[in-house]
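These are the residues of each chain, in order.
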Amino acid sequence: GAVVSQHPSRVICKSGTSVKIECRSLDFQATTMFWYRQFPKQSLMLMATSNEGSKATYEQGVEKDKFLINHASLTLSTLTVTSAHPEDSSFYICSATLGGLRRYEQYFGPGTRLTVT
Amino acid sequence: DAKTTQPPSMDCAEGRAANLPCNHSTISGNEYVYWYRQIHSQGPQYIIHGLKNNETNEMASLIITEDRKSSTLILPHATLRDTAVYYCIVPYTQGAQKLVFGQGTRLTINP
């Protein structure tokens, strides 16, 4: 149980275009979803916390107008990288939590590798 | 900022027990210790968590010292597929239930 999927797994886009990444919890309803970014040889960095039906909470230094997060249902959150630039190339990973007593057990998607040319 | 410290890397022979240490000397009484791992180019995977008692599941065992200032994750019979970066995390209990990932321990299982 507790499977999280992401789509696409890889994407290459041209500089200046926008890219949408989907994160789905397949067999559970996720009260909260998280978006992380990981650069090569570095650890995961939390970008934002997303609760269904409300605005995402962004970490310090993350531009909310550049990284648009929509959490329309308990099983789907999307991250849109707007006007992407080469420095946005990274591994983007989402996670979802069951909440309640298991709120720190996060189940991660397989990640999306974004390359901006 | 991470509330834990881990060695940057460790090696272990295949079939042997891998013991990964973690220091969390500032942990407070109601804070749990969580372990995750990340295999190369994949999303992290939850392993186990504990408060003060030792815990065991199908993946690993977690030994927490009596003073709770440190813990050890034990993979009893390591396989090559256990090669990964292992993260020991003490989540912030105030506000959102977010996890802060440090640099973790890069565990290499050698044949």
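A quick note: this is a predicted structure, and the numbers were derived from the prediction, not measured.

Basis of the calculations
- Residues numbered from 1 in each chain as written.
- Chains lettered and ligands numbered in written order.
- Predicted model: local features only at pLDDT ≥ 70, side-chain atom pairs only at ≥ 80, totals over all residues.
- Heavy atoms only, no water.
- pLDDT = per-residue confidence, 0-100.
- Helix = DSSP H or I, 4+ residues; strand = E, 2+ residues; numbered from the N terminus.
- Buried < 20%, exposed > 50% of the residue type's maximum accessible area, 1.4 Å probe, protein only.
- Pairing = 2+ DSSP bridges.
- Contact = heavy atoms within 4.5 Å.
- Polar contact = N/O pair within 3.5 Å; in protein donor to acceptor, adjacent residues only side chain to side chain.

Brief notes about the confidence of the model for chain A
For chain A, per-residue confidence averages 92 on the pLDDT scale, and 99% of positions sit at 70 or higher. Per-residue pLDDT, averaged within each element of chain A, yields its smallest value for strand β10 (residues 102-108) of chain A (85) and its largest for strand β11 (residues 112-116) of chain A (97).

A short note on the pairing of strand β3 (residues 33-38) of chain B
All names here are of chain B. Across the six residues of β3, six count as buried, placing the element largely inside the fold. The alternating pattern of β3 places Val33, Trp35 and Arg37 and Tyr34, Tyr36 and Gln38 on opposite faces, both of which are buried. Linkage of β3 to strand β4 (residues 45-50), two consecutive antiparallel strands, is achieved through a turn of six residues, within which Ser41 is found at a positive phi near 65°. Both β3 and strand β8 (residues 84-89) contribute to a ladder of five bridges, which runs antiparallel. Considered in β8, the bridge of Arg37 is made with Tyr86.

Quick notes on the environment of Tyr107 of chain A
With respect to the helices and strands, Tyr107 of chain A occurs in strand β10. For the pair formed by Tyr107 of chain A and Gln6 of chain A, sequence separation is 101 residues and the distance between their alpha carbons is 12 Å. Apart from the residues lying within four places of it in its own chain, the contact partners of Tyr107 of chain A are Ala2, Val4, Cys94, Ser95, Ala96, Leu98 and Arg102 of chain A together with Tyr46 of chain B. Among the polar contacts listed, one links the side chain of Tyr107 of chain A to the side chain of Glu105 of chain A, at a separation of 2.6 Å.

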